[in-house]
Amino acid sequence: MPEGDSLHRAARRLQVLVGERLEAESPHPQGQATGVAEQVDGRRLLAVDAVGKNLLFRFEGGLVLRSHLRVRGRWRVLPRGAPRSGRPWLVLRGAEREAVLWNGPVLELTTRRVRRLGPDVLASEPDLDRMVENLRREPAREIGDALLDQRQVAGIGNLWKVEALWHAGVSPWRRVGELSGAELRGILEHAVGLMRASLDGDREPRAIYRRPVCPRCGARIRARGQGDDNRTSYWCPMCQPDAVS
Ligand SMILES: [Zn+2]
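Residues numbered from 1 in each chain as written. Predicted model: local features only at pLDDT ≥ 70, side-chain atom pairs only at ≥ 80, totals over all residues. Heavy atoms only, no water.

Draft legend 1. Quick peek at the nonpolar core. In this structure, Val121, Leu135, Ile143, Leu147, Ile156, Ile187 and Leu188 are the most contacted members of the largest nonpolar core, which totals 37 residues. Taken together, the elements giving at least two residues each to this core come down to α4 (128-136), α5 (143-146), α6 (158-168) and α7 (181-199). Tallying contributions element by element places α7 first for this core, with 8 residues. Those residues in contact with Val121 that lie beyond four places of it in its chain are Pro126, Met131, Val153, Ala154, Gly155, Ile156, Ala191, Val192 and Met195. One finds Leu7, Leu14, Val36 and Ala99 within the second-largest nonpolar core, a separate group that totals 26 residues. (Core = buried A, V, L, I, M, F, W, Y, C linked by side-chain atoms within 4.5 Å. Buried < 20%, exposed > 50% of the residue type's maximum accessible area, 1.4 Å probe, protein only. Helix = DSSP H or I, 4+ residues; strand = E, 2+ residues; numbered from the N terminus. Contact = heavy atoms within 4.5 Å.)

Below is the structure:
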């Protein structure tokens, strides 16, 4: 699944089309089946934002196009009419450039689902207070699981979850109710800082995600699936104590 920061990069590239009236077409039959191209064709694009794991295209007339990329979906911005092979799901064509969506797989006109997302971790002023409040609604949940719940905090993928918890010195296995407000805030601040740095291109090397040893103390990094989706959490048993063993 693309991490939140790669979606934000895509949203930045797509800004060149904002303000333009776009021609839309769906060369791929599955893209055509969504009916999106007919609906947005000829409308002016007002904004493109990454919200959680979705790209939202706001068009005049109140239409909002939601594009969730899952693992394989990719948006590219090319000169108008650039040659290509294969059939993209959707092409949004402006006067000089066009945005091309490859491999869908989720494309729909909506305003419904996005309202249920929590505050975006990469917003220009992330609402940390509300994120902490949201997390605390389920005190029995393990923090490594809760941070991936997009209804509580939108945009933290598994990699940044792992790294933020390590920087904050908090084990992914501790329960939300055991953590102080300062600890929860600290984790979120690390997530924001790391993801912003990555977005700006100065990506720090990963500290422990898929690494064998802790760069701080030299202990062996542990890894185990966590939560309903069994996403792999990595943690240092020395720097992030209170881990179950
Ligand atoms: Zn360590």
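Draft legend 2. Representation of the sheet that holds strand β4 (residues 64-68) within the structure. Here 4 strands make up an open sheet; going across it, the order is β2-β3-β4-β8 and the pairing antiparallel. The strands lining the two open edges of the sheet, one partner per strand, are β2 (45-51) and β8 (106-109). On average, adjacent strands in this sheet sit at an angle of 15° to one another, irrespective of strand direction. Two strands pair when backbone bridges link them, and strand β3 (residues 54-59) and β4 are joined in this way by 5 bridges, in the antiparallel orientation. Within the sheet, the bridge partner assigned to Arg58 lies in β4 and is Val64. (Pairing = 2+ DSSP bridges. Axes fitted to C-alpha atoms, helices over the stretch in contact; angles between N-to-C directions.)

Draft legend 3. A look at the sheet that holds strand β7 (residues 97-102). Spatially, the 4 strands line up as an open sheet ordered β1-β6-β7-β5, and their pairing is antiparallel. Only two strands of the sheet have a single partner each, and these edge strands are β1 (23-25) and β5 (74-79). Between one strand axis and the next, the sheet turns by 15° as a mean value, whatever way the strands run. Two elements, β1 and strand β6 (residues 90-93), share 3 bridges in a ladder whose sense is antiparallel. The partner of Glu23 across the bridge, within β6, is Arg93.

Draft legend 4. Structural view of the pairing of β2. Among the 7 residues in β2, 5 count as buried, and that is most of the element. With 6 bridges connecting them, β2 and β3 associate as antiparallel partners. Bridge assignment links Val48 to a residue of β3, and that residue is Phe57. Counting the residues between successive antiparallel strands, the hairpin from β2 to β3 contains 2 residues, one of them, Gly52, with a positive phi of roughly 60°.

Draft legend 5. Spotlight on the coordination of the zinc ion. The protein atoms that coordinate the zinc ion are Cys214 (SG), Cys217 (SG), Cys236 (SG) and Cys239 (SG), at distances spanning 2.2 to 2.3 Å. Around the zinc ion sit 4 donor atoms; with metal-centred angles ranging over 99 to 113°, the donor geometry is tetrahedral. Donor residues for the zinc ion sit on one chain with the sequence pattern C-x2-C-x18-C-x2-C. Of this pair, Cys214 sits in the loop between α7 and β9 (222-226) while Cys236 sits in the segment after β10 (231-235); the two residues are 22 residues apart in sequence, bridging distant segments of the chain. Here the two residues Cys214 and Cys236 agree in accessibility, since each one is buried. (Donors = N, O, S within 2.8 Å, 3.2 Å for Na, K, Ca; no water. Tetrahedral: all angles 85-135°; square planar, octahedral: opposite > 155°, others 65-115°.)

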